[in-house]
Amino acid sequence: MAFKSKLKWVALFVLALSLVSLVAHLSMTKFSSMNLAQYSAKEALSHDIPNIGSSLEVKRNKRLWGDVRSLEFLQPYANPRSSYPAPDENSNGFIYAKIFGGFEKIRSSICDLVTISRLLNATLVIPEIQQSTRSKGVSYKFKSFTYLYDEEEFIISLKNDVNIVKTLPEYLKAARKRSEFPIFKPQNSASPNFYVREVLPKLKKAKVVGLIITDGGCLQSILPPSMSEFQRLRCRVGFHALQFRTEIQILGLRIVERLRASGQPFLAYHPGLVRDTLAYHGCAELYQDVHTELIQYRRAQLIKQGIINDELSVDSHMRRENGSCPLMPEEVGLLLRAIGYPPQTIIYLAGSKTFGGQRLLIPLRSLFPNLVDRTTLCSKTELFDLVGPEAPLPADIFRPPLQKSEQQLIDEWKKAGPRPRPLPPPPYRPIYQHEKEGWYAWITETDKEPGPSPMDLRNQAHRLIWDALDYIVSVEADAFIPGFNNDGSGWPDFSGLAIGQRLYERASSRTYRPDRKTIAALFNITRDDMYHPKRNWTLSAKEHLNRSLSEDGLIRQSLLSKPKSFLSHPLPECSCRIPSGEITKQVKGKDGRILYGGEEECPKWMHSARGEGAIDDKTESAEDDDDAAEQLEADATDVTSSLTSLIDHDEEWDPND
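Quantities reported herein were computed from a predicted structural model and do not represent experimental measurements. (Residues numbered from 1 in each chain as written. Predicted model: local features only at pLDDT ≥ 70, side-chain atom pairs only at ≥ 80, totals over all residues. Heavy atoms only, no water.)

### Description of the overall build of the protein
Part 1 of the argument: Tallying secondary structure elements over the protein gives 24 helices and 16 strands in all.
Part 2 of the argument: In the protein, buried positions account for 47% of the 657 residues.
Part 3 of the argument: If you take every contact in the protein between residues at least 6 apart in sequence, the share linking residues at least 24 apart comes to 80%.
Part 4 of the argument: For the protein, the exposed surface amounts to about 34500 Å²; the carbon and sulfur share of it is 55%. (Helix = DSSP H or I, 4+ residues; strand = E, 2+ residues; numbered from the N terminus. Buried < 20%, exposed > 50% of the residue type's maximum accessible area, 1.4 Å probe, protein only. Contact = heavy atoms within 4.5 Å. Areas by Shrake-Rupley, 256 points an atom, 1.4 Å probe, with all protein chains shown as cover.)

Right, here's the structure in full:
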């Protein structure tokens with residue numbers, strides 16, 4: 001009996017102790033939950049980089065961040081070379097234009113418009129950007145052009161090239177509303193002869209013509225050598241006159257300052273994952289689930305419109321192997337680690353929208369935790385101050401799909417085909433609002449994609465501003481790597497424009513130009529063991545990317561980019577060459593025109609400015625050689641371990657999760 005009583009007391013004691021422990025834990029949870037720290041990308045960046053916010057300058061690794069010396073002799077020079085008369089005040093008439101498309105198409109189209117106006121001796125009316133008109137729900141503070149660009153700066157910068165007015169004269173506006181003037185829809189490959197023979201006579205007769213531009217341009221990229229001044233005019237428009245409005249420039253430069261606050265350099269990366277280009281090249285199988293359906297639906301539309309002359313279903317993996325599909329973020333992260341970039345590297349993610357969402361960025365973020373974008377570096381107030389005050393939009397009222405009648409269901413079942421027929425459809429159940437999964441929810445309701453809602457149109461206008469911010473950061477970045485450019489579609493792309501401006505402003509800047517076909521072949525070798533590659537694979541990847549920085553990559557870029565987009569490779573027309581002892585190769589296109597190596601010698605004043613830094617360059621060169629000699633052996637042995645260190649740290653992490 002005594003033994004049983006002792007057991008009762010022990011059980012009672014244990015029960016009381018458990019109760020006290022439970023009360024204590026509940027109390028701690030209650031009083032500590034009010035002080036939970038919220039995650040902040042800025043604070044995380046500060047934690048990884050202790051010196052952020054200070055003015056301490058960190059010594060850069062020249063092997064990763066240094067300039068490309070073989071391209072230092074190229075300097076920007078878009079000034080007219082020969083006699084260049086001012087525009088005639090008595091022009092042949094007015095040209096007004098409507099531009100459709102996103103950021104890249106708008107920027108490229110405006111450059112072509114100015115060039116055509118000069119060619120036809122016409123007065124250009126400030127073009128109308130259709131994606132930012134008042135009907136799209138943008139703020140009343142802006143017109144379509146001023147929503148993105150500085151209108152006054154645009155007019156003043158080009159006063160010696162083209163006559164530009166803000167609107168048509170009053171006596172012509174009524175006639176335009178009545179559609180009395182001829183309208184043209186030129187292709188992006190239209191030749192100068194088309195405008196001289198077709199447009200100019202009607203311009204002289206009607207005094208006004210309209211252009212509707214939908215393909216991201218209205219003039220062929222490569223012009224005859226006799227029209228080099230028109231190519232330089234394109235450069236003056238794209239790289240000087242097209243300045244973003246002041247608020248966008250200020251915030252863009254503020255983002256750059258925040259990225260460099262620690263004194264460390266940063267790399268900009270643009271994935272280039274856009275639904276239209278993915279559909280154009282047939283890269284649907286690189287995705288899963290609903291995204292594959294969305295790409296295929298868009299591809300079917302492009303085939304129906306005659307833009308694609310190909311089958312609907314193609315082998316995406318074969319397209320990837322021939323370089324037609326983009327490098328996925330995971331692959332870019334592995335390539336950067338192979339080059340030698342440490343996990344603490346700051347990477348800025350450019351692009352207003354990445355098709356596939358944040359799920360695609362999980363492997364890249366695991367390799368480089370300091371992956372940031374405009375939303376992590378700017379407050380919501382800073383971003384929404386750019387779009388200005390906007391009128392409230394009507395509520396998105398949910399409309400359930402129309403219910404089919406019993407007779408319709410029976411008819412569908414009878415038409416199902418030969419036996420064995422499928423079971424009759426289940427009873428109708430409405431799709432509720434909480435079951436809609438986002439902008440692609442229409443797939444669960446209908447086979448036809450609905451038109452954009454008012455909120456979709458407003459978001460498209462907002463994306464112009466977000467792309468402008470990312471463009472500023474990409475051009476100013478210490479290094480830049482594209483995920484998808486030179487795709488061959490003929491449409492201008494964000495990465496191509498950023499690479500072109502970096503090449504123009506400072507050709508020696510560290511801009512990677514990877515060959516996707518070569519990269520695909522490299523990953524096919526180690527596809528089953530991507531996170532533990534062999535040393536030879538790492539060295540091959542590193543060699544390819546380093547070669548893409550130099551003349552080899554630039555020459556390949558000239559062969560692929562310039563025939564499609566002049567702004568992506570503005571050489572040799574918009575640059576000059578400082579004399580050096582090296583002999584430069586001349587690269588010609590299929591038509592015999594020089595694409596690289598035909599730059600003129602720079603003016604003497606550029607020689608003197610360059611000479612002031614010659615001593616510093618020699619000193620830095622000697623220091624770099626010493627550093628390279630010291631680190632060559634270490635780099636050869638540690639380059640593979642730097643790539644696998646993250647996975648060795650956490651073997652349970654699954655990149656496909």
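That was the structure; now back to the text.
### Digging into the pairing of strand 7 (residues 208–213)
Part 1 of the argument: Counting buried residues along strand 7, six of its six residues qualify, which places the element largely inside the surrounding structure.
Part 2 of the argument: Residues Val-208, Gly-210 and Ile-212 point to one face of strand 7 and Val-209, Leu-211 and Ile-213 to the other, with burial holding for every one of them.
Part 3 of the argument: In terms of strand pairing, strand 2 (residues 94–99) meets strand 7 through six bridges, oriented parallel. The partner of Phe-94 across the bridge, within strand 7, is Val-208. (Pairing = 2+ DSSP bridges.)

### Observations regarding the sheet that holds strand 8 (residues 266–270)
Two pairing modes exist for strands in a sheet, parallel and antiparallel, and in both the strands are linked by backbone hydrogen bonds.
Part 1 of the argument: On the basis of which strands lie adjacent, the open sheet formed by five strands has the order 10-9-8-11-12 and parallel pairing. Looking at strand neighbours, the two that pair on one side only are strand 10 (371–372) and strand 12 (510–511), the edges of this open sheet.
Part 2 of the argument: Pairing between strand 11 (residues 479–482) and strand 12: two bridges, direction parallel. By the bridge assignment for strand 12, Phe-480 is matched with Thr-511.

### Re the confidence of the model for the protein
Should the pLDDT be low somewhere, the predicted coordinates at that spot are not to be read in detail.
Part 1 of the argument: Looking at the protein as a whole, the pLDDT averages 83, with 80% of positions reaching at least 70.
Part 2 of the argument: Confidence drops under a pLDDT of 50 for residues 33–39, and excluding neighbours within four residues, the segment shows two contacts in the predicted structure.
Part 3 of the argument: A low-confidence stretch, residues 50–57 (pLDDT under 50), is modelled with 15 contacts involving residues beyond four sequence positions or located in other chains. (pLDDT = per-residue confidence, 0-100.)

### A few points about the environment of Thr-277
Part 1 of the argument: Along the polypeptide, Thr-277 turns up in helix 10 (residues 275–281).
Part 2 of the argument: Using a relative accessible area of 13% as the deciding quantity, one classes Thr-277 as buried.
Part 3 of the argument: In sequence terms Thr-277 and Ile-295 are 18 residues apart; their C-alpha atoms lie 9.3 Å from each other.
Part 4 of the argument: Apart from the residues lying within four places of it in its own chain, the contact partners of Thr-277 are Gly-272, Phe-484, Asp-487 and Trp-491.
Part 5 of the argument: From its side chain, Thr-277 meets the backbone oxygen of Val-274 in a polar contact 3.0 Å long. (Polar contact = N/O pair within 3.5 Å; in protein donor to acceptor, adjacent residues only side chain to side chain.)

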